[in-house]
Amino acid sequence: MARFANILQLGIKEIRSLYRDPALMLLIVYSFTLGIYLSATGEPEAPFRASVAIVDEDRSQASLRIVNAFQLPYFLPPEFIDIGQMDRGMDAGRYTFTLNIPPNFQRDLLAARQPTIQLNVDATQISQAFTGAGHIQRIISDEVADFIGAYQQSSPGRIEAVVRAEFNANLNRTWFGAINEAINQITMLSIILTGAALIREREHGTIEHLLVMPVTSFEIMLAKVWSMGLVVLLASVFALRIIVEGWLQVPLRGSQMLYLFGATLLLFATTSMGIFLGTMARSMPQLGLLIILVLIPLQILSGGMTPRESMPDLVQRIMFVAPTTHFVELAQAILFRGAGLGIVWPHLLALAIIGSVFFFGALVRLRKAQE
Amino acid sequence: MIPDKPVVQLEGVSLRYGSVHALSGLNLAIPAGSMVGLIGPDGVGKSSLMALIAGARKIQQGKVVVLGGDMAEGRHRKQVCWRIAYMPQGLGKNLYPTLTVFENLDFFGRLFGLDRRNRHSRIAELVHSTGLVGFTERPVGKLSGGMKQKLGLCCALIHDPDLLILDEPTTGVDPLSRAQFWELIGRIRGKRPGMSVLVATAYMEEARSFDWLVVMNEGQVLNTGSPHDLLAATESATLEEAFIRLLPKTKRRRHRDFKITPRQPDANIAIEAHGLTKRFGDFVAVDHADFRIERGEIFGFLGSNGCGKTTTMKMLTGLLSASEGKALLFDKPVDPRDIATRRRVGYMSQGFSLYTELTLRQNLELHAHLFHLPKAERSLRVREMLDRFDLTAVADKLPTALPLGVRQRLSLAVAVIHRPELLILDEPTSGVDPIARDDFWLLLGQISRGERVTIFISTHFMNEAMRCDRIALMHAGRVLATDTPAGLLASRGLPTLEATFMAYLKEASKIDEAEPEKPTTTSLKPHPSTRSGGLTVSLRRLFSYTHRETLELRRDPIRATLALLGSLILMFIMGYGINMDVEHLTYAVLDRDQTTTSQAYTLNLTGSRYFTEKFPLTDYTDVQQRLRSGDISLAVEIPPGFGRDLKRGNVPKVAYWVDGSMPVRADTIKGYVEGIHAETVARLSESAGTSSPVEIAIRYRYNPDVRSLPAMAPAMIPLLLMLIPAMLTALGIVREKELGSIINLYVTPVSRLEFLLGKQLPYIMLAMINFATLVTFAVLAFGVPVKGSLLTLSLGALLYVACSTGMGLLMSSVLHSQIAAIFGTAIATLVPAIQFSGLLSPVSALQGGAAVIGHIYPTSHFLIISRGVFSKALSLGDLTPYFLALLITIPVLTLFSVLGLRKQER
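Predicted model, so just to flag it, every value in this text is computed and none were measured. (Residues numbered from 1 in each chain as written. Chains lettered and ligands numbered in written order. Predicted model: local features only at pLDDT ≥ 70, side-chain atom pairs only at ≥ 80, totals over all residues.)

Student: Sorry if this is basic, but what is going on with the overall build of chain B here?
Tutor: The helix and strand tally for chain B stands at 35 helices and 25 strands. Here the C-alpha atoms of chain B give a radius of gyration of 37 Å, more than 25% beyond the 29 Å that 2.2 N^0.38 yields for 906 residues. Projecting the C-alpha coordinates of chain B onto the three principal axes gives extents of approximately 125 × 65 × 50 Å. Counting all 906 residues of chain B, 52% fall into the buried class. (Helix = DSSP H or I, 4+ residues; strand = E, 2+ residues; numbered from the N terminus. Rg over C-alpha atoms; globule rule 2.2 N^0.38 Å. Buried ≥ 20, exposed ≤ 12 C-beta atoms within 10 Å, placed from the backbone.)

Right, here's the structure in full:
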């Protein structure tokens, strides 16, 4: 009972401290509103908007047909250039793809002499290089086939592939981007708030003051975990309901309660991580650096930016101990695929375990620092 | 200087903090060339007045004329700050704790433009005359409170000021050091008679020797005159008395002379120490201390600064563990895990250690809760404490807005709120005015005699020590003597405790016999002036900040190591980790045809390196179920009659379901499926005798194998060089704001631009080292060669890290707390650098606000430079627009930082 009261009071103190820092409050509001909005809508709505330049040396009906097939939203309107501009444009990064349609293309095509179209891909833009090249290949084949088809009888042996996307039929990137950014903000804020709260107590000498009172390290820690966790949880509920569902109009499936339960477990893990980092750092500048070094991989490698399957085994294994990895999968499963507890329980369990490890790790370090 | 003209003239000066009036319509003329004391109770505006005179605080109302000019004018402030020295209140508030004594002095010397020879001779002189000579290589953070004060004075004196402003310089300083301190000031004044000194003090004995006194109350001047005049005017024998008589009746009401009643002996022992010893490395802080304190006793600790009083107290509270010997509290060994004992003890540490973000009332309430006062009693007790310590009027204010004395009273109130049986008080009355001190002792007497509370107290006030039942004299970690005050006086046969204490000290230490050396050879004559005022940027001042920042960075090698090593590790993990080449995608087939043709069709999918097949699907619900659970990312349905339709030329439709919950992956899958389907169809038709009408020759340029690594390594460098340098500088300024040393920007000649650039330089250097290691790592470990000119790349990097460090500084100058700065920097760098700068999707593809940010953000430009030089061998000429963009960003960031930073406190 006494413990509970201490934890409650110390937590209230944390929330009051937060309230005294209007700039910080403003930043929190930004990150859970505009921050999410910007990043969710910034990602190109359509998959590509790739920049294309075409050197059309044939200027025939057939080549025009191919040129006209490059349309928004997949491609920005193609630029017509001459062969000399091609290399310079690619060097400067102006075009990701350039297409060279040779002279006499149409004539060769109709004579079945199999003309060659050259497709140059800027392979440093790896996000577009792969899928874009495949896409352009298909466009050319389709257009050429249609063009020839208009002149010749359709050949046998054709199969049509009907590709449908489940759960997000238009592959609208805002949906995914919004949730992913919300997860990023939750992680970032909870780690910073708890870690910095601990260092601040140390730098201002207040932790020493607490330690001579009938208060244990466990209570001090749990107070920070619940109070900062609660603040971030409320912010994320707001973000989910008002920003993601309301403003960005993302249709969410599944049980939001289950999602929020998962978010609570994530917060337990990340706030504990924050305190753990706080016990490692000796000063605020060290903590800031530690936090950024932890946040970068959490944001990039948790499966929110690039698919987890494609990461090397080693990276997958390292990131398996990151709470965000599990939460990203859990959030996708619940909110987009409508999965229930029966499906996501392994992720919930993983979050609880990771959280406990960090929590007790931090507790041990905090106690040690005290002696 | 014309002697008859006042050095400081104030007319109708008012100052408010929110609703609190610190000064109201104050008029005062301070004579030049004399020693002027500012006395008055806590919180009457003494510190505010001094800050206004020093130019540290912005004038709100009225006129402040200092050294013949208006302090509201920036130009005048800039001219006279050379001639003013200001030492703010608080122990070493304007010093840098990680730097040594010498380095601190050296920094101030550089700031005021002294050349090396002058600096060194000045420093030698100052440390000699203040007795700091043996400690020049010790970090300031490890000095005792009194030594910090001495160093603060040395730093103030380094540039030979004409006006010296000292805000409670001797608070918390032991009697011996205090005597040395005033001797030093006296000597300096002897050499430079023109110098004016303005001192606020709580010690009336000190004020007595001043030339002229200003008595203040509630933001106004009550009286002025020489100590003699004041004594005569109030018909008092001592200044302390005169001070009390000058106050309005309402303030005096509470005050009365009192004696603490004699104590009845008690057989119970509250504290017992046997051979208590604490060592820090080879430094012995406490050396076999023995004492025994009875229950209900008031036990005083008297000793010079740094003699081990605080360490002893910390060992008793369990904050520090003893290296040797033992300490007993209520007959039990001190155990840091013993919660029950903590409840019986109240502790007040030397510095203010309560929550500055909570109001006074909230602080008291928090402690009432934490000590589990019964609910009914809680609010009553809080009210009682507020009343008893005269805090009711300021109960809902934040401690930061209040003077030291009031904060000390709050600390005391917190220490006694739970009615402890034992109070451990570490210099509780330092900086508290005489009336409040008497009130406090009255209270101590009451709880000691009435409630039999044991009190263990350390103090520098002799009259307080005389009130103790017994006192222990401590020096250099050892307890020299323990007795009643009367007994100690008798033992040496001296009239005062101060003299007795000094006698003991001299006896105990041979060092003190050497006495602080009187400077004989070098004289304190004004140094050749290097005052290059005006508005130009002084490189010397700029570099003084660079030098200091570099030293701080070097003192904290963990940070630099973390930055360098951390970025290498991240580059390694992420270079491999970010991979657009999606593999191991899981799929399953729902084959409703089950003919050889249908199996032939799926063969290509099975053979693809991108896909991994899972066991076949049985029906539509299975499709839904397994997509939902994430078991498969792709489901393929082959319709019944597929083989038959194909032969008849009926164009059968194969259905693919892609998990769209992650659009990036879904797009990739779609691309693969389309490719494989086209291939399959071609293969099937080839067997039917036709070939593809057109050939498409794909050339992947710059990165022929479309491997992620050669594409990612040049992209990781810009990312890491934004995030890490920005975070390194993010706390640079805000930390000074939070810990107090920002005051040096307010009162020294350094300009905001010099301050900012000076701080930025060392981090640019560190970031360039970081750049070099990252490039080396990319070339050697990743085997990604730099195809273009390394020089071009380095030049780009230099401009770029100037932007990224500038970004951190901008956050630091605009925001006011370290937490906000960390969070703000994370927001301002992580998302724009990772998402909006073309790392994954090109900037041209972005939309809305993200596109706007992407186009101006420095990472976008350097990413193009880095990729251009690394993979495309582009030259400086090809990349000119991007270099220009970076070149423009640097001054813009600096300009905003300068605007966000204030040269005066508001």
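Student: Sorry, what's going on with the sheet that holds strand β4 (residues 61-66) of chain B here?
Tutor: Paired through backbone hydrogen bonds, the strands of a sheet run either parallel or antiparallel to each other. Residue and element names in this part refer to chain B. The sheet built from four strands is open, its strands ordered β2-β1-β4-β5 with antiparallel pairing. Across the chains shown, the open sheet's two edge strands, defined by having one partner strand only, are β2 (20-30) and β5 (69-70). With two bridges connecting them, β4 and β5 associate as antiparallel partners. Of the residues in β5, the one forming a bridge with Val 65 is Asp 70. Relative to the sheet, helix α1 (residues 46-54) contacts β1 (8-17), β2 and β4, its axis offset from that of β1 by approximately 120°. (Pairing = 2+ DSSP bridges. Contact = placed C-beta atoms within 7 Å. Axes fitted to C-alpha atoms, helices over the stretch in contact; angles between N-to-C directions.)

Student: How should the packing of helix α8 (residues 173-203) of chain A against helix α32 (residues 818-835) of chain B be read in this particular structure?
Tutor: Between two packed helices, the angle of one axis relative to the other and the distance separating the axes together describe the packing. It is at 9 Å that the axes of α8 of chain A and α32 of chain B come closest, and there the two elements cross at 155°. By the angle class used here, α8 of chain A and α32 of chain B are roughly antiparallel. Read as a crossing pair, α8 of chain A and α32 of chain B show a hand that is right-handed. Counted together, Met 188, Leu 189, Ile 192, Ala 196 and Arg 200 of chain A of α8 of chain A and Gln 818, Ile 819, Ile 822, Phe 823 and Ala 826 of chain B of α32 of chain B form the full contact between these two elements. In terms of residue class, the contact of α8 of chain A with α32 of chain B is built from eight nonpolar, one polar and one charged. (Parallel < 35°, antiparallel > 145°, perpendicular 65-115°, else oblique. Left-handed = near helix turned anticlockwise from the far one by under 90°. Nonpolar A, V, L, I, M, F, W, Y, C, P; charged D, E, K, R; others polar.)

Student: Looking at this structure, I do not really get the nonpolar core. What am I missing?
Tutor: Side chains that are nonpolar tend, in soluble globular proteins, to be buried together. Judged by nonpolar contacts, the single largest core of 400 residues is most densely connected at Ile 192 of chain A together with Ile 165 and Leu 723 of chain B. Beyond its immediate sequence surroundings of up to four residues, Ile 165 of chain B is in contact with Met 50, Ile 53, Ala 54, Ile 84, Ala 85, Tyr 86, Met 87 and Leu 198 of chain B. (Core = buried A, V, L, I, M, F, W, Y, C linked by C-beta atoms within 7 Å.)

Student: Looking at this structure, how should I read the domain arrangement of chain A?
Tutor: One frequently used descriptor of interface size is the decrease in accessible area upon assembly of the parts. Along its sequence, chain A is carved into domain 1 (2-43 + 172-370) and domain 2 (52-151). For domain 1 of chain A and domain 2 of chain A, the distance between their C-alpha centroids amounts to 47 Å. (Domains from an automatic or database assignment.)

Student: Sorry, what's going on with the pairing of strand β17 (residues 422-426) of chain B here?
Tutor: The two faces of a sheet get side chains in turn, since along a regular strand they alternate between them. Residue and element names in this part refer to chain B. The buried count for β17 comes to five of five residues, which makes it a mostly enclosed element. Residues Leu 422, Ile 424 and Asp 426 of β17 are buried on one face, and the alternating residues Leu 423 and Leu 425, pointing to the opposite face, are buried as well. Note: strand β16 (residues 345-348) against β17, four bridges, orientation parallel. The partner of Gly 346 across the bridge, within β17, is Leu 423. As paired elements, β17 and strand β18 (residues 454-458) share five bridges and run parallel to each other. Looking across to β18, one finds that Leu 425 is bridged to Ile 457. The parallel pair β17 and β18, bridged by helix α16 (residues 434-450), forms a crossover whose chirality is right-handed. (Right-handed = clockwise from strand over helix to strand, strands pointing away.)

Student: For this particular structure, what's the right way to read the sheet that holds strand β12 (residues 283-294) of chain B?
Tutor: Residues and elements named next belong to chain B. Strand order in the open sheet made by the four strands is β12-β11-β14-β15, with antiparallel pairing throughout. The open sheet terminates on both sides in strands that have one partner only, identified here as β12 and β15 (332-333). Across five bridges, strand β11 (residues 269-280) lies against strand β14 (residues 324-329) in antiparallel orientation. Counterpart to Glu 272 in the pairing with β14 is Leu 328. Strands β11, β12 and β14 of the sheet are contacted by helix α11 (residues 309-317), whose axis makes an angle of about 120° with β11.

Student: Sorry if this is basic, but what is going on with the confidence of the model for chain A here?
Tutor: In low-pLDDT segments, the atomic positions of the prediction should not be examined closely. When pLDDT is averaged across chain A, the result is 86; 94% of the residues are at 70 or more. Averaged over each element, pLDDT in chain A is lowest for helix α7 (residues 126-151) of chain A (76) and highest for helix α11 (residues 256-280) of chain A (94). (pLDDT = per-residue confidence, 0-100.)

Student: I would appreciate a short explanation of the domain arrangement of chain B in the present structure.
Tutor: Per the domain assignment, the segments making up chain B are domain 1 (1-83 + 161-250), domain 2 (269-344 + 422-476), domain 3 (355-419), domain 4 (539-575 + 708-900) and domain 5 (585-688). Distance between the C-alpha centres of domain 1 of chain B and domain 4 of chain B: 46 Å.

Student: What is the right way to look at the interface of chain B and chain A in this model?
Tutor: Contacts between the two partners involve 132 residues from chain B, matched on the other side by 129 residues from chain A. The leading source of residues in the side of chain B that touches chain A is helix α26 (residues 663-688) of chain B, at 17 residues. When the residues that make up the side of chain B that touches chain A are grouped by side-chain class, the tally is 75 nonpolar, 37 polar and 20 charged. In the sheet, strand β4 (residues 116-122) of chain A pairs with strand β25 (residues 695-701) of chain B via seven bridges, with the strands oriented parallel. Looking at the pairing, Val 121 of chain A lines up with Tyr 700 of chain B of β25 of chain B.

Student: What am I meant to see in the packing of α8 of chain A against helix α10 (residues 217-247) of chain A here?
Tutor: All names here are of chain A. Between α8 and α10, the least distance of the axes is 10 Å, while the angle of their chain directions is 160°. Overall, the two elements α8 and α10 adopt an arrangement that is roughly antiparallel. By crossing handedness, the relation of α8 to α10 is classed as right-handed. Residue-level contacts link Ala 178, Ile 179, Ala 182, Ile 186, Leu 189, Ser 190, Leu 193, Thr 194, Ala 197 and Leu 198 of α8 to Lys 224, Val 225, Met 228, Gly 229, Val 232, Ser 236, Ala 239, Leu 240 and Val 244 of α10. For the contact of α8 with α10, the class distribution of residues is 14 nonpolar, four polar and one charged.

Student: Just checking my understanding: could you explain unusual backbone geometry for this structure?
Tutor: Excluding glycine, residues mostly have negative phi values, and the peptide bonds linking residues are mostly trans. All names here are of chain B. Although it is not a glycine, Phe 330 sits at a positive phi angle of roughly 50°. Its place among the elements puts Phe 330 in the loop between β14 and β15. With phi around 45°, Ala 476 is a residue other than glycine that occupies positive phi space. Here Ala 476 lies in the loop between β19 (470-475) and β20 (478-483).

Student: Sorry, what's going on with the environment of Pro 77 of chain A here?
Tutor: All names here are of chain A. Note on placement: Pro 77 falls in the loop between α4 (61-68) and β2 (79-80). When the 9 C-beta atoms within 10 Å are taken as the criterion, Pro 77 is described as exposed. Separated by 27 residues in the primary sequence, Pro 77 and Ala 50 place their C-alpha atoms 9.1 Å from one another.

Student: Even after reading the chapter, I still don't get helix α14 (residues 375-388) of chain B, so can you show me in this structure?
Tutor: Along an α-helix, residues three or four positions apart point the same way, because every turn accommodates 3.6 residues. All names here are of chain B. Taking 1.5 Å as the rise per residue, α14 with 14 residues should run 20 Å; its terminal C-alpha atoms sit 20 Å apart, in good agreement. All buried positions along α14 are accounted for by Arg 381, Val 382 and Met 385. Angularly, the buried residues of α14 cover 105° about the axis, an arc narrow enough to put them on a single face. Opposite the packed face of α14, turned more than 90 degrees from it, sit the exposed residues Ala 376, Leu 380 and Asp 387. Elements that come into contact with the buried residues of α14 comprise α13 (360-370) and α15 (404-416). (Expected span 1.5 Å × (residues − 1). Arc of directions from axis to C-beta.)

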